[in-house]
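# Breakdown of the fold
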Amino acid sequence: MNKFESKGSEGGRDRPSRQINVVLNSQPTYQSGASARVLEEDIKLPIKPLPDADHYSEIEKELDAMIGMDNVKSLVYEIYALLYIGRMRSEAGLTSGSQVYHMIFKGNPGTGKTTIARIIAKLFQKMGVLSKGHLIEVERADLVGEYIGHTAQKTRDLVRKAMGGVLFVDEAYSLARGGEKDFGKEAIDTLVKAMEDHRNQFILILAGYPAEIEDFLMTNPGLPSRFPIQIQFPDYSIDQLLQIGELMMKDREYVLLPATVFKLRECLLQAKMNELFSFSNARFVRNILEKAIRHQAVRLLHMYANSAPSKQELMAIRPEDLKS
Ligand SMILES: Nc1ncnc2c1ncn2[C@@H]1O[C@H](COP(=O)(O)OP(=O)(O)OP(=O)(O)O)[C@@H](O)[C@H]1O
Ligand SMILES: [Mg+2]
């Protein structure tokens with residue numbers, strides 16, 4: 001159960017109330033009579049409801065479809081709360097605090113980083129922070145050029161494309177690998193400058209393996225403070241991977257027979273053990289199941305050369321379809 005479900009209010013969660021009554025831009029004056037009545041009216045005046053106050057429900061639906069990730073879901077909710085209350089504070093004439101939303105995502109392959117980045121981009125768009133809410137996903141080869149000046153130009157072009165959305169740099173540490181003389185450094189410098197120059201126009205997310213990201217941040221001491229939000233994406237347990245697999249198949253209108261689930265569990269245990277540092281979590285599940293769907297198609301084609309399979313047969317993934 002995630003933190004939203006555990007709350008008892010309607011819709012499964014306590015939303016920040018729109019009826020917070022605060023004094024709007026008025027100086028407290030402790031007088032009796034007419035002035036006091038004006039103040040009283042001010043206090044009761046509800047803040048204009050935010051037009052997109054219910055947009056979190058769409059984000060929540062997408063998050064609910066993700067298995068596990070309780071810490072990630074809580075953090076996304078915190079970001080939502082921060083944006084929502086920040087806007088209410090602005091409307092009340094208060095300062096709404098830091099406006100820096102650049103982030104670091106630390107997690108092994110297939111732990112949902114790109115998926116969550118897309119959801120966050122949408123959240124920021126709905127909350128009026130980003131104008132478009134799209135995601136541009138890049139890696140070293142997209143940013144780094146072949147001659148002096150080329151890298152800055154390539155990087156700037158991508159920042160321009162990401163304006164109004166999120167620029168998601170995967171394996172960000174690979175930019176620092178070549179040292180001082182490498183063009184990767186130029187990409188980092190250009191990104192840092194863009195973060196300053198266009199601080200409210202796009203969000204930069206640096207993502208990658210936890211240990212490498214930590215090293216990268218340690219060797220670039222100016223960087224960590226520029227990324228106030230850091231999110232950890234833990235590896236999935238075998239049970240979570242099985243749930244992810246069943247969900248993926250349900251979405252595609254296939255069914256894993258109990259014996260297939262048993263075999264999938266064995267495959268996952270084996271793969272997790274063999275690929276200790278490169279196991280690709282949910283991506284592994286997706287790949288193995290997509291392969292199983294192809295094998296099922298071939299099996300059915302051979303089995304039913306002269307007749308039609310039943311709907312059940314069309315949906316069932318048998319253990320023999322599962323080959324890693
Ligand atoms: N918790 C989850 N529940 C359901 N599906 C998930 C979950 N996490 C990841 N997936 C699915 O697994 C696949 C891989 O996820 P995603 O691409 O977001 O991972 P990633 O961390 O960005 O991987 P990489 O580091 O390899 O780029 C996607 O199809 C995604 O929908
Ligand atoms: Mg990714």
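Here, every reference points to the structure presented above.
First, a word on scope: everything that follows refers to the structure included in this document. Keep in mind the model is a prediction, meaning the values are calculated, not measured. (Residues numbered from 1 in each chain as written. Chains lettered and ligands numbered in written order. Predicted model: local features only at pLDDT ≥ 70, side-chain atom pairs only at ≥ 80, totals over all residues. Heavy atoms only, no water.)

The secondary structure content of the protein amounts to 12 helices and seven strands. Per-residue burial for the protein yields a buried fraction of 41% across its 324 residues. Sequence separation of at least 24 residues holds for 74% of the intrachain contacts in the protein that already meet a minimum separation of 6. With the model as given, the accessible surface of the protein reaches about 17,600 Å², and the carbon-plus-sulfur share is 54%. (Helix = DSSP H or I, 4+ residues; strand = E, 2+ residues; numbered from the N terminus. Buried < 20%, exposed > 50% of the residue type's maximum accessible area, 1.4 Å probe, protein only. Contact = heavy atoms within 4.5 Å. Areas by Shrake-Rupley, 256 points an atom, 1.4 Å probe, with all protein chains shown as cover.)

Before going further, it helps to examine the site of ligand 1. Taken together, 17 residues lie near ligand 1, and Ile67, Thr114, Thr115, Tyr236 and Arg286 sit nearest. In this structure, threonine 115 approaches ligand 1 through a side-chain N or O atom, which is 2.5 Å from an oxygen atom. Here an oxygen atom of ligand 1 and a side-chain polar atom of arginine 286 are 2.7 Å apart. The class makeup of the residues in the shell around ligand 1 is eight nonpolar, five polar and four charged. In terms of domain composition, the shell around ligand 1 takes at least three residues from each of domain 1 (98–233) and domain 2 (238–321). (Near = heavy atom within 4 Å. Polar contact = N/O pair within 3.5 Å; in protein donor to acceptor, adjacent residues only side chain to side chain. Nonpolar A, V, L, I, M, F, W, Y, C, P; charged D, E, K, R; others polar. Domains from an automatic or database assignment.)

Here we come to the nonpolar core. Grouped together as the largest cluster of nonpolar side chains are 58 residues, with contacts concentrated most on Val76, Phe105, Ile116, Ile120, Phe124 and Leu268. In terms of residue count, the dominant contributor to this core is helix H3 (residues 70–91) (eight residues). Two domains share this core, each providing at least three of its residues, namely domain 1 (98–233) and domain 2 (238–321). Not counting chain neighbours up to four residues away, the residues in contact with leucine 268 comprise Ile238, Leu241, Leu242, Phe279, Phe284 and Val285. Residues Leu143, Val159, Met163 and Leu191 belong to the second largest nonpolar core, which totals 28 residues. (Core = buried A, V, L, I, M, F, W, Y, C linked by side-chain atoms within 4.5 Å.)

Along any regular strand, the residues point their side chains to alternate faces of the sheet. Counting buried positions along strand S1 (residues 103–107) gives five out of five residues, so the element sits mostly inside the fold. Residues Met103, Phe105 and Gly107 line one face of S1 and the alternating positions Ile104 and Lys106 line the opposite face, and both faces are buried. Two strands pair when backbone bridges link them, and S1 and strand S4 (residues 203–208) are joined in this way by four bridges, in the parallel orientation. Across the sheet, the residue bridging to lysine 106 is glycine 208, located in S4. With five bridges joining them, S1 and strand S5 (residues 229–233) adopt parallel strand pairing. Residue pairing for S5: methionine 103 is matched across the bridge by isoleucine 229. (Pairing = 2+ DSSP bridges.)

Moving on to empty space enclosed by the protein. Scanning all chains against the criterion turns up one cavity of 30 Å³ or more. Empty space within the largest cavity amounts to approximately 60 Å³. The wall of the largest cavity is formed by Ala172, Leu175, Ile188, Leu191, Val192, Met195, Leu204, Leu206, Phe216, Leu223 and Phe227. Breaking the lining of the largest cavity down by element, the ones donating at least two residues are helix H7 (183–197) and S4. No other element matches H7, which puts four residues into the lining of the largest cavity. Classifying every residue of the lining of the largest cavity by side-chain character gives 11 nonpolar, no polar and no charged. (1 Å grid on protein atoms, 1.4 Å probe; cavity = no way out; pocket = protein on both sides within 12 Å on 5 of 7 lines; lining within 4 Å. Points joined across faces, edges and corners; volume = space filled by probe spheres on them.)

As a further point, take the environment of glutamate 313. Relative to the helices and strands, glutamate 313 resides in helix H12 (residues 311–315). By relative accessible area, which is 14% here, glutamate 313 ends up buried. The spacing of glutamate 313 and tyrosine 254 is 59 residues in sequence and 9.5 Å in space, taken between C-alpha atoms. If we skip the residues at most four places from it in the chain, glutamate 313 touches Gln296, Arg299, Leu300, Met303, Tyr304 and Arg318.

On to the packing of H3 against helix H4 (residues 113–126). At a closest axis distance of 11 Å, the pairing of H3 and H4 adopts a crossing angle of 15 degrees. Taken together, H3 and H4 sit at an angle that is classed as roughly parallel. For the crossing formed where H3 meets H4, the hand is right-handed. Together, Val72, Val76, Ile79, Tyr80 and Leu83 of H3 and Ile116, Ile120, Leu123 and Phe124 of H4 make up the contact between the two elements. (Axes fitted to C-alpha atoms, helices over the stretch in contact; angles between N-to-C directions. Parallel < 35°, antiparallel > 145°, perpendicular 65-115°, else oblique. Left-handed = near helix turned anticlockwise from the far one by under 90°.)

One number sums up the size of the largest pocket: a volume of about 780 Å³. Lining the largest pocket are 30 residues; nearest its centre among them are Gly110, Gly112, Thr115, Ala282 and Arg286. Looking at the lining of the largest pocket, the elements that each hand over two or more residues are H4, strand S3 (166–170), helix H9 (238–251) and helix H11 (281–303). Top contributing element to the lining of the largest pocket by residue count: H4, with five residues. A class-by-class count of the residues in the lining of the largest pocket yields 13 nonpolar, seven polar and 10 charged. Mapped onto the domain boundaries, the lining of the largest pocket takes at least three residues apiece from domain 1 (98–233) and domain 2 (238–321).

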